[in-house]
Amino acid sequence: MYYRCELMVGGVIYDATDELVNWDDVEMSFKRGDYDGVVRSFSTKFQFANGAYLRLLDEYLSNYLNSSATIVFYLRNNSWLLNEKFRCALDFSTFTYNNTTCEINAVDNSLASLIKAKKGTQYEYQVSKLREGSPLNYDRLEMTSQIEWIIGGELSDNEEYVYNTYETNSIIPMYIKGTPEIAVKDIIEVTDVGIPADITPVSDLWFIRNISNRGISMNINFFATVTMQKLTSDASATLIIRQRKGPYTDPPILEYQLREIYPNTVSVDKTGYMLYANYGLVFEVKVTGRVKLTILNNPLKVTFNARGGAASVDVIKPVTLLNRLLKSINGGKDGIVGEIESGVDSRLDSAMIVPAESVRGLEDAKIYTSYTKFSNWMKAVFGFVPVVGENKVTFVHRDSLFQDKEAKDLQDSTSGLEYNVNAGMVYSGVKVGYDKQDYDSVNGRDEFRFTNEYTTGVTLTDNVLELVSPYRADAYGIEFLAAKRGEDTTDSDSDNDVFFVGAALQGEKYELIRGGYEISGVISPSTMFNAMYSQRFMIESNARYIAAFAGTLEFASSDGNSDVTINGVSEKSDIVLGNKLFTVGELSVETGDLETPSDLSGYITVRSNGKTYKGYVKSASYNYGKPKAVKYSLIVKSVE
């Protein structure tokens, strides 16, 4: 074989094969980082003498910082044809020279290098420039509201009872206990109610009122013992919880008549009571004579589930965001294409990115993210990893990069074989899911898309594999932000976050996907969404990768609601992983076979000492100065 170096200066091509001084340092390599796609790289410093030295020096002295030159390397094959192996521009900001030689570095402007340098940079984009033409119809999540009232009056010494004296029909005084949990705005009003100051009709009084345009199904719970003390011989009392401003023909929720002096038990356990629009409830006492009532100091509780009004929310396709990130990485210039393989995971095909500021409905909403966050989201939730080419980044499922097919057979042409266990790929535990969020609502306890922890059964290390998505899928997080629509204040805790949902285009809007996922263990199974992005589905997407070091994941704990079941499978069940992509073993060999493998997604076969090793390229180095042995580092698939 024969190697050739050409230098292109000022549009003229020179053969610099005999004038490149450091041929021994000219090397191309393939490297696979983090078990994703293989990236090509090459040496970056070149030393020239004689004619090449003079041409580069003349170019620099003539054009100074506007100088331009390119180096190209070829390999002559067995048919004596030159095949280009790589080319790169030279960086004159690194140019040094003496009386006989000069040195200059390559301009490492490969896409892989650009991404490496800028992947962690967080960019800010206007949602209006990235959004889909059709918005998401966010039809809300059904939430639970809970309000408690305590009976007003004079407290007993131990505060166990309250006393009130009545001599005419009146209102039982009620006061809201603590801070009520009203999850949906503009649907009800609640208030304290005291005994009227004078004897007037009480038909307009209420302690809870429906101000929406729809009926609300409520649960009303109250239990107490009541003692009536007759202050006149004809005294009697009737306790009533009645609907006001509604048809008086409707039966009351509670009507309990008191005639005796001894304690009476008064109980209301009304499930599914319908409070109609613009109607309110009031707690009355109808009195004959004069009575003193002693009531157990126990709260009256009202709970109900309701949904807020639907909202149109701007959404972004993942591939759109990917291409915008790549444009930023490329200095704002076009020319780099981002693609995401479709037809592999329906959960990804239907995923739509939802910026927090869009959920809030803020004017001029923005999204804040980086390439690293996007890539980590794809890996953790879907098992997709990037393959970086010259001007394209393609996200594919990791399994497709480790295919069960032979790419090259080195046969017996190897030496220096060494096998070792990659301790960095041995984990005793797995953390998967999303960062835990703190909500100012009891409804947040229902959320299950936080972090689950599993044990692998491995006791050789305390390493923990983390598959935690930087983008959020918690339905309650989206709901709480939607409840703030119309507010001008910002919430630094969540307004910069990025959410995603599973949605399908129906007509002119995207609709949340709920069908196909039967869920239990949550407040409202019928309105819950994003079930497909639970931790168990995340593990299934990465199962063959995790199987490299574990056969089964045993559930240990969850940061959220662990009582959820999806399609009949508990989220806290153990998970059997099945067929592994590869093992934790790595193999180092050298070979005189200088041809690069035809397909780096296939395995390379090595035979040595009666054993057959199959492994995927982790790294491979090829020297272009001399026909040196190729050094392979392989991720072992199997040993037979």
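Preceding block: the structure.
Numbering of residues begins from 1 in every chain and follows the order in which that chain's sequence is written. The predicted nature of this model means local features are confined to residues of pLDDT at least 70 and side-chain atom pairs, given and counted, to a pLDDT of 80 or more, with totals for whole chains, interfaces and linings taken over all residues. Water and hydrogen atoms were dropped before computing side-chain values, which therefore reflect all heavy atoms in the structure.

Looking now at the overall build of the protein. Note on conventions: DSSP H or I runs of at least 4 residues are helices, E runs of at least 2 residues are strands, and numbering of each starts at the N terminus. Looking only at helices and strands, the protein features nine helices and 46 strands. The C-alpha radius of gyration computed for the protein amounts to 36 Å, which surpasses the reference 26 Å derived for 640 residues by more than 25%, pointing to a less compact arrangement than a globule. Projected onto the principal axes, the alpha-carbon positions of the protein cover approximately 125 × 60 × 50 Å. Burial classes follow relative accessibility: with a 1.4 Å probe on protein chains only, a residue under 20% of its type's maximum area counts as buried, one over 50% as exposed, and anything between as partly exposed. Taking all 640 residues of the protein together, 50% fall into the buried category. For a compact globule the rule gives 2.2 Å times the number of residues to the power 0.38, and the radius of gyration it is set against comes from C-alpha atoms.

Within soluble globular proteins, side chains that are nonpolar tend to cluster in buried spots. The criterion is simple. A nonpolar core is a set of buried Ala, Val, Leu, Ile, Met, Phe, Trp, Tyr and Cys residues joined through side-chain atoms within 4.5 Å. With 78 residues, the main nonpolar core has F283, L293 and L300 as its most contacted residues. Considering each element in turn, this core owes the most residues, seven residues, to strand β18 (residues 216–230). When sequence neighbours within four positions are dropped, the list of residues in contact with F283 reads I151, I171, I172, M174, F207, F222, L239, I240, I241, L254 and L300. Judged by nonpolar contacts, the second largest core, of 69 residues, contains L111, V385, F395 and L553. In this description, contact between two residues means that some pair of their heavy atoms is separated by no more than 4.5 Å.

Looking at the secondary structure, you find S41 in strand β4 (residues 38–42). Judged by its relative accessible area of 27%, S41 falls in the partly exposed class. Taking the C-alpha atoms as reference points, S41 and K31, separated by ten residues in sequence, lie 7.7 Å from one another. Ignoring anything within four residues of it in the chain, the contact list for S41 reads E27, M28 and S29.

Turning to helix α6 (residues 371–382), a few remarks are in order. Expected span, for any helix, means 1.5 Å times one less than how many residues it has. Look at α6: 16 Å from first C-alpha to last across twelve residues, which is about the 16 Å you get at 1.5 Å a residue. α6 sits mainly inside the fold: nine of its twelve residues count as buried. Inspection of α6 places Y371, F374, S375, W377, M378, K379, A380, V381 and F382 among the buried residues, and these make up the whole buried set. Two residues or fewer after α6 comes G383, characterised by a positive phi angle close to 75°.

Inspection of the secondary structure puts N530 in the loop between β38 (519–520) and α8 (535–541). A distance of 2.9 Å separates a polar atom in the side chain of N530 from the backbone oxygen of F500. The residues touching N530, leaving out its near neighbours within four places in the chain, are R449, A473, F500, V501 and G502. Counted as a polar contact is a pair of N or O atoms within 3.5 Å, where, for protein atoms, one must be capable of donating a hydrogen and the other of accepting one, and residues adjacent in sequence contribute only when both atoms are in side chains.

This part covers the packing of aromatic side chains. By convention, a stacked pair of Phe, Tyr or Trp rings (six-membered ring in the case of Trp) has centres within 6.5 Å and planes under 30 degrees apart, an edge-to-face pair has planes over 60 apart, and any other such pair is tilted. If you walk through the whole model with that rule in mind, you get 32 aromatic pairs. Relative to F480, the ring of Y476 has its centre 6.0 Å away and its plane inclined at 40°; by these criteria the two rings are tilted. In this pair, Y476 and F480 both sit in helix α7 (residues 475–482), four residues apart, roughly one turn of the helix. Judged by relative accessible area, Y476 falls into the buried class, the value being 0%. Pairwise contacts between aromatic rings join Y371, F374, W377, F382, F395, Y434, Y471, F500 and Y533 into one cluster. Lysine and arginine charges are scored as sitting over a ring when NZ or CZ, respectively, is within 6 Å of the ring centre and within 35 degrees of the ring normal. The cationic tip of R398 hangs over the ring face of Y545; the distance from NZ or CZ to the ring centre is 4.0 Å. Taking NZ or CZ as reference, R449 lies 4.0 Å from the ring centre of F448, over its face.

Take the sheet that holds strand β34 (residues 451–455) next. Strand pairing is assigned whenever DSSP identifies at least 2 bridges connecting the two strands. If you walk across this open sheet you meet the five strands as β35-β33-β34-β39-β42, and the pairing is mixed. The sheet is open, and its two borders are formed by β35 (464–469) and β42 (575–576), each paired with just one other strand. Summarising the sheet, strand β39 (residues 552–558) and β42 pair through two bridges and their orientation is antiparallel. Looking across to β42, one finds that L553 is bridged to I575. Sheet strands in contact with α6 are β33 (429–434) and β35, and its direction is about 110° off that of β35. Note on geometry: axes are lines fitted to C-alpha atoms, helical ones only across the stretch in contact, with angles between N-to-C directions running from 0 to 180 degrees.

Once that is clear, we can look at the pattern of salt bridges. Salt bridge criterion: a side-chain nitrogen from Lys or Arg within 4 Å of a carboxyl oxygen from Asp or Glu. Applying the stated criterion across every chain yields a total of 32 salt bridges. In this structure, R4 and D15 form a salt bridge, with 3.3 Å as the shortest nitrogen-oxygen distance. Pair noted here: R4 is in strand β1 (residues 2–9) and D15 is in strand β2 (residues 12–15), with a separation of eleven residues, a long-range link. D599 is the salt-bridge partner of K405, the closest N and O atoms lying 2.7 Å from each other. Highlighted residues: K405 in the loop between β30 (392–397) and β31 (406–409) and D599 in the loop between β43 (585–591) and β44 (603–608), separated in sequence by 194 residues.

Look at helix α3 (residues 318–329) against α6: their axes get within 10 Å of each other, and the N-to-C directions meet at 145°. Our pair here, α3 against α6, has a crossing hand that is left-handed. Contacts from P318, L321, L322, L325, L326 and I329 in α3 reach Y371, F374 and W377 in α6. Classification convention: Asp, Glu, Lys, Arg as charged; Ala, Val, Leu, Ile, Met, Phe, Trp, Tyr, Cys, Pro as nonpolar; all other residues, Gly among them, as polar. Across the contact of α3 with α6, the residue classes break down as nine nonpolar, no polar and no charged. Here is the rule for handedness: rotate from the far helix to the near one, and if that takes an anticlockwise turn smaller than a right angle the crossing is left-handed, while a clockwise turn gives right-handed.

A word on a nonpolar patch on the surface. On the surface, Y2, W80 and L82 cluster together to form a nonpolar patch covering roughly 330 Å² of accessible area. Of note, Y2 is situated in strand β1. Candidates for patches are residues over 30% relative accessible area with no salt bridge; among them, like charges are joined within 9 Å and nonpolar side chains (Val, Leu, Ile, Met, Phe, Trp, Tyr) within 5 Å. For every accessible area listed, the method is Shrake-Rupley and the probe measures 1.4 Å; residues are considered covered only by the protein chains on display.

With the exception of glycine, the majority of residues adopt a negative phi angle, and the majority of peptide bonds are in the trans configuration. Within the chain, D186 stands out as a residue other than glycine whose phi angle is a positive 60°. Within the secondary structure, D186 sits in the loop between β15 (174–176) and β16 (188–190). Here D186 falls in the exposed class, since its relative accessible area comes to 64%.

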